[in-house]
Amino acid sequence: GSFAVISHTTVGKMSENLPLFNGHSGAVLDTDFNQFNDHVIASASEDTKAMVWIIPEGGLVESIDKPVLTLAGHGRKVGHVLFHPTADNVLATASADFTVKIWDISTGNEKITLTGHTEIIQSLSWNYDGSLLTTTCKDKKLRVFDVRSNTIVQEAPGHQGIKGSRVVWFGNSDKICTTGFSRSSDHTASGMLIPHYDADTSVLYLAGKGDGNIRYYEWVDEDTSLYYLSEYKSSDPQRGLGFLPKRACNIAECEVARIFKVHPTFVEPISFKVPRKAGKLKKKQIKINLLFSLKSDAFQGDLFPDTIGPEPAMSSDEFFAGKTLPPKLISLEHGFSASASTKEFVTSAVEPMKLNVKVPVSDKEFHDAYHSLRKENDDLKHQVASRDIRIRLLEAQLESFRRE
């Protein structure tokens, strides 16, 4: 399993010998950038492991097969990785072993294991300050965990269809959005809906996997309602989506979002810009257009309120000790420039010894491994029983010699 990291300023056809991160022995299922260090990325794989990688300054020039950290604790494939929104070096991983583990990647230690799911976990989302984590699951239930007390504080029925369900927290609020299917729509709907909520503009983006369109809605908290804004239309279906952090958008051109749409053989950037002249519109008058370039002389503060910055609000030790803080915000009025120096990532974790054991990933491999271990266990029991008989015979002989 492998994946590539490419600068979004790099365009055109890539080399066939593109350098890759290729340390996983199974397919890579998910990745997540560390929002507090642009040079750190985590990956999840079918090989039951999550890995943390360092992106070299200037980007990859050759493939890397050794991660800076391997997180080995799950019993089955790891489907999701998600960094904490306010604490440095805290990572959540979700696995087909029905657990979510919370790690301190500065030490490599597994700190918390969340249990209670009875089926595969389909998605997870932190709340605004990272004190709560919500999940959707194939058992058709929505759960909210208080992570540090390791308790389920809320549990509710989710979507009742068997297809994938997704969840996203609505910014600094107590609202959660889920997407999924009803029982009746399972046979008629296309792919699952991928949600993304922009807390700065209160806009919810919905993109169907296997569909080419992206719809977006405004959430008005006072009305507790979603209002349809518009739709990006395309005949080319998307296989996945990624959103650029708000601080990296083109503020001068009122770019409120940039999506990277994954096609089978290329990645397409899609820019969402609001047409503005000098002077502000009321929030409910906002109509987001696509690829509309109109520069404004004045900073549009209503479109770009203070947003989440690149600095953590606390350390991992503070988080696991019980501290809760909101994200550190920055102003975009004068734009944003990333630090010229690379932030160093150091972990005290000791890389586990590599064993020449093939880790099962498919149901058949688990079935075969189970029967192999059962046979080995039976053989060991037989050997122990045989030796026990031998010991009793020798003890009887010894007793006989003593009597003589």
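Residues numbered from 1 in each chain as written. Predicted model: local features only at pLDDT ≥ 70, side-chain atom pairs only at ≥ 80, totals over all residues. Heavy atoms only, no water.

(A) Local environment of the sheet that holds strand S4 (residues 69-72). If you walk across this open sheet you meet the four strands as S1-S2-S3-S4, and the pairing is antiparallel. Either end of the sheet is taken by a strand with one partner, and the two such strands are strand S1 (28-33) and S4. Geometrically, the sheet is characterised by an average inter-axis angle of 20° between neighbouring strands, direction not taken into account. As paired strands, strand S2 (residues 40-45) and strand S3 (residues 49-54) are joined by five bridges and run antiparallel to one another. Note on S3: the bridge partner recorded for Ala-42 is Val-52. (Pairing = 2+ DSSP bridges. Helix = DSSP H or I, 4+ residues; strand = E, 2+ residues; numbered from the N terminus. Axes fitted to C-alpha atoms, helices over the stretch in contact; angles between N-to-C directions.)

(B) Looking closely at the pairing of strand S21 (residues 267-273). Across seven bridges, the pairing between strand S20 (residues 255-262) and S21 is antiparallel. When the bridges of S21 are listed, Glu-255 appears paired with Lys-273. Following S20, the chain reverses through four residues before pairing antiparallel with S21.

(C) Broad picture of unusual backbone geometry. One non-glycine residue, Asn-150, lies in the positive phi region at around 55°. Among the secondary structure elements, Asn-150 is positioned in the loop between strand S11 (141-146) and strand S12 (151-157). Phi at Cys-254 takes a positive value of approximately 55°, unusual for a residue other than glycine. The residue Cys-254 is located in the loop between strand S19 (240-243) and S20 in this model.

(D) Expanded view of the packing of aromatic side chains. Per the counting criterion, the structure on display carries 12 aromatic pairs. Geometrically, the ring pair formed by Tyr-217 and Tyr-228 is edge-to-face, given 5.6 Å between the ring centres and 70° between the ring planes. Here Tyr-217, found in strand S17 (residues 214-220), pairs with Tyr-228, found in strand S18 (residues 225-232); they are 11 residues apart in sequence, far enough to count as distant. On the basis of relative accessible area, Tyr-228 is assigned to the partly exposed category, the value being 46%. Through a chain of ring-to-ring contacts, the aromatic side chains of Tyr-205, Tyr-216, Phe-243 and Phe-272 assemble into a single cluster. (Phe/Tyr/Trp six-rings, centres within 6.5 Å; stacked < 30°, edge-to-face > 60°. Buried < 20%, exposed > 50% of the residue type's maximum accessible area, 1.4 Å probe, protein only.)

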